[in-house]
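One letter stands for each residue in the lines below.
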Amino acid sequence: MMLSNNKKLIAVIGATGQQGGGVVRALQAGGQFKVRALSRNPDKHRGLADEVVEADLDRPETLKAAFEGAHGVFLVTNNWEPGTDEAKQATEAIRAAKDAGVKHFIWSTLPNVEAISGGKFNVPHFTGKAKIDRIVKEAGFVHHTFVIAPFYYQNLVGALAPQKQADSSLSWALPLDPDERCIHMGDITELGNIVAGAFAHPDEAGHGEYLPLVGDFMSFNEIVDTLNRQGHDLSYKQVPKESFAGSFPGATEIAETFGYWEAHTYLGSDSSAQIALANKTAGKQPSKLSTWARVNLPVQGPMKGEKSQ
Ligand SMILES: NC(=O)c1ccc[n+]([C@@H]2O[C@H](COP(=O)([O-])OP(=O)(O)OC[C@H]3O[C@@H](n4cnc5c(N)ncnc54)[C@H](OP(=O)(O)O)[C@@H]3O)[C@@H](O)[C@H]2O)c1
C-alpha cells in the first residue's frame, strides 16, 4: 500500500464550487492522490481535502504556494464572478503551474463558438475559454487534458429554474426552439470522475484529449417530458430573443448561446468519440437526466404519480 506521504499531490482550483468540488470528491474516492483544495477563503473550508490552501486567480502572487509540490492542477475559471478576466486568470495560473514544475494540467474548457459559427454568435463564456486551450498546449506540460462541462442539470433548479406563472403553474420562457435536440447535458458533480480518471491514466488522456461530460442529449421538450413523466407538471414557451435579451444581466449572452446551440448544438460537432473516451476515462457512465431528477428535482405538492417511460 502506498503511504499517504508518497502520494502525488493534485491542486484543485474552484474546489469549493460545483466543478472543482466534484473533482475533489472523485480524487478522494479514488484514493490514489493527495488533494489540495484551493480557495480565496481557505479558513472557511477547513477539512475539505487533505490540505486547504489559499489561491486567488486575481492575485497571482498567491499561486506559487498554491501549486508548490503539486503533480497535477485542475483549473476552472468563473466568468459569472463580476470583474473576472478569464484569459488573464488562466494565463497566470498556467504560468505559475509551469514554474512550480506541475506535470499534468487539466483545463475546463468549452467549444470555440466564434470558430464553429464563423463569427455569427458572440458567446464569450464559451469562446473565451476555448482560446485558452492553445496557451495550455504550448506551455509544455508533460501531460495536459481538456475537459468540457455540459449544460448542468443543476441549472434546472438554479439559474434556469422554471418560473411560477399567474395560475401558479411552473414554466420556462426561453428564446430556444424546444423541438431542437441540441443540449448536451450532465450532472456537473460527475465531471470529477473524468478529471480523476485523466490524472490516474495520463497515458490514455494526457495528450491534449478533449473529454466532454454528457449524460443526456436532449431538446427542451424532451427535458420537460422527462420531468413530467416523473409527476411534474411543467411547461415551456418559446419567447422572442429580443424580449428576453434585456430581461436580466447576462440575458443577452444566454440568448446568443441558445442561438448557437440551435445552429450547431452545445458541443458544436459530432463528439461521440470524445464522449466515449471521457466515459472510459471516468470508469463509469454519467447519469441520465431522469436518474438525477428523481433525487434532485423532487415533485412539489401531491404526486401525480410517475408514468412509465
Ligand atoms: N452552468 C453551466 O451550465 C455551465 C456549463 C459549462 C461551463 N460552465 C462554467 O463553469 C464555470 C463556473 O464553475 P462552477 O460552476 O464550478 O462555479 P461555482 O460553483 O460558482 O464556483 C466558483 C468557484 O470558483 C472559485 N473562484 C472564483 N473566483 C476565483 C478567484 N479569483 N480565484 C480563485 N478561485 C476563484 C470559487 O472559489 P472560492 O470562492 O472558494 O475562492 C468557487 O470554488 C463558469 O466559468 C461557467 O462558464 C457553466
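Details of the structure are given in the entry above.
Computed from a prediction, not measured in an experiment: that's the story for all the values here.

Caption draft 1: Summary view of the overall build of the protein chain. A tally of regular secondary structure across the protein chain gives 13 helices and 13 strands. Its C-alpha radius of gyration of 20 Å places the protein chain within 12% of the 19 Å reference for a compact globule of 309 residues. Within the protein chain, the proportion of its 309 residues that are buried is 52%. Excluding contacts between residues fewer than 6 apart, the proportion of contacts in the protein chain whose partners are at least 24 apart in sequence is 74%. Accessible surface computed for the protein chain: about 14400 Å², of which carbon and sulfur atoms make up 50%.

Caption draft 2: Unusual backbone geometry, seen in detail. Although it is not a glycine, serine 168 adopts a positive phi angle of roughly 65°. With respect to the helices, strands and loops of the structure, serine 168 is situated in the loop between strand S8 (163-164) and strand S9 (170-174). Even without glycine at this site, threonine 265 takes up a positive phi of about 75°. You can call threonine 265 buried: its relative accessible area is 18%.

Caption draft 3: Quick look at the sheet that holds strand S3 (residues 51-54). Taken together, 7 strands build an open sheet; the order of strands is S3-S2-S1-S4-S5-S6-S11 and the sheet is parallel. Among the strands making up the open sheet, the edge pair consists of S3 and strand S11 (207-212). Averaged over all neighbouring strand pairs, the angle between strand axes comes to 20°, with direction disregarded. One ladder, built from 3 bridges, connects strand S1 (residues 9-12) with strand S4 (residues 72-75); its direction is parallel. Bridge pairing in S4 places alanine 11 opposite valine 73. Together, S1, S4, strand S5 (104-109), strand S6 (143-148) and S11 form the strand contacts of helix H7 (residues 191-200), whose direction differs from that of S5 by roughly 155°.

Caption draft 4: Layout of the site of the ligand. In the vicinity of the ligand, 28 residues are found, and the nearest of them are Thr16, Ser39, Thr77, Asn79 and Asn155. Between serine 39 and the ligand, the recorded distance is 2.7 Å, taken from a side-chain N or O atom to an oxygen atom. Residue threonine 77 places a main-chain N or O atom 2.6 Å away from an oxygen atom belonging to the ligand. One can see that the ligand is located within the largest pocket.

Caption draft 5: A look at the environment of leucine 234. Note on placement: leucine 234 falls in strand S13 (residues 234-238). Relative accessible area serves as the criterion here: at 7%, leucine 234 is assigned to the buried category. With near-sequence residues (within four places) excluded, leucine 234 lies in contact with Pro162, Leu170, Trp172, Val224, Leu227 and Asn228.

Caption draft 6: Layout of helix H12 (residues 272-282). Of the positions making up H12, those classed as buried are Ile275, Ala278, Asn279, Thr281 and Ala282. The arc that holds every buried residue of H12, seen down its axis, measures 160°, which confines them to one face. Relative to its buried face, H12 has exposed residues pointing more than 90 degrees away, namely Ala273 and Lys280. On its buried side, H12 packs onto H7, helix H8 (202-205) and S11. Phi turns positive, to about 80°, at glycine 283, one or two residues after H12.

Caption draft 7: Quick look at the packing of H7 against H12. Packing of H7 against H12 leaves a shortest axis separation of 7 Å and a crossing angle of 75°. Between H7 and H12, the angle falls in the class roughly perpendicular. For the pair H7 and H12, the contacting residues are Asn193, Ile194, Gly197 and Ala198 in the first and Ala278, Thr281 and Ala282 in the second. Of the residues assigned to the contact of H7 with H12, the class counts are 4 nonpolar, 3 polar and no charged.

Thresholds applied
- Residues numbered from 1 in each chain as written.
- Predicted model: local features only at pLDDT ≥ 70, side-chain atom pairs only at ≥ 80, totals over all residues.
- Heavy atoms only, no water.
- Helix = DSSP H or I, 4+ residues; strand = E, 2+ residues; numbered from the N terminus.
- Rg over C-alpha atoms; globule rule 2.2 N^0.38 Å.
- Buried < 20%, exposed > 50% of the residue type's maximum accessible area, 1.4 Å probe, protein only.
- Contact = heavy atoms within 4.5 Å.
- Areas by Shrake-Rupley, 256 points an atom, 1.4 Å probe, with all protein chains shown as cover.
- Pairing = 2+ DSSP bridges.
- Axes fitted to C-alpha atoms, helices over the stretch in contact; angles between N-to-C directions.
- Near = heavy atom within 4 Å.
- Polar contact = N/O pair within 3.5 Å; in protein donor to acceptor, adjacent residues only side chain to side chain.
- 1 Å grid on protein atoms, 1.4 Å probe; cavity = no way out; pocket = protein on both sides within 12 Å on 5 of 7 lines; lining within 4 Å.
- Sits in = over half its atoms within 2 Å of the grid points.
- Arc of directions from axis to C-beta.
- Parallel < 35°, antiparallel > 145°, perpendicular 65-115°, else oblique.
- Nonpolar A, V, L, I, M, F, W, Y, C, P; charged D, E, K, R; others polar.

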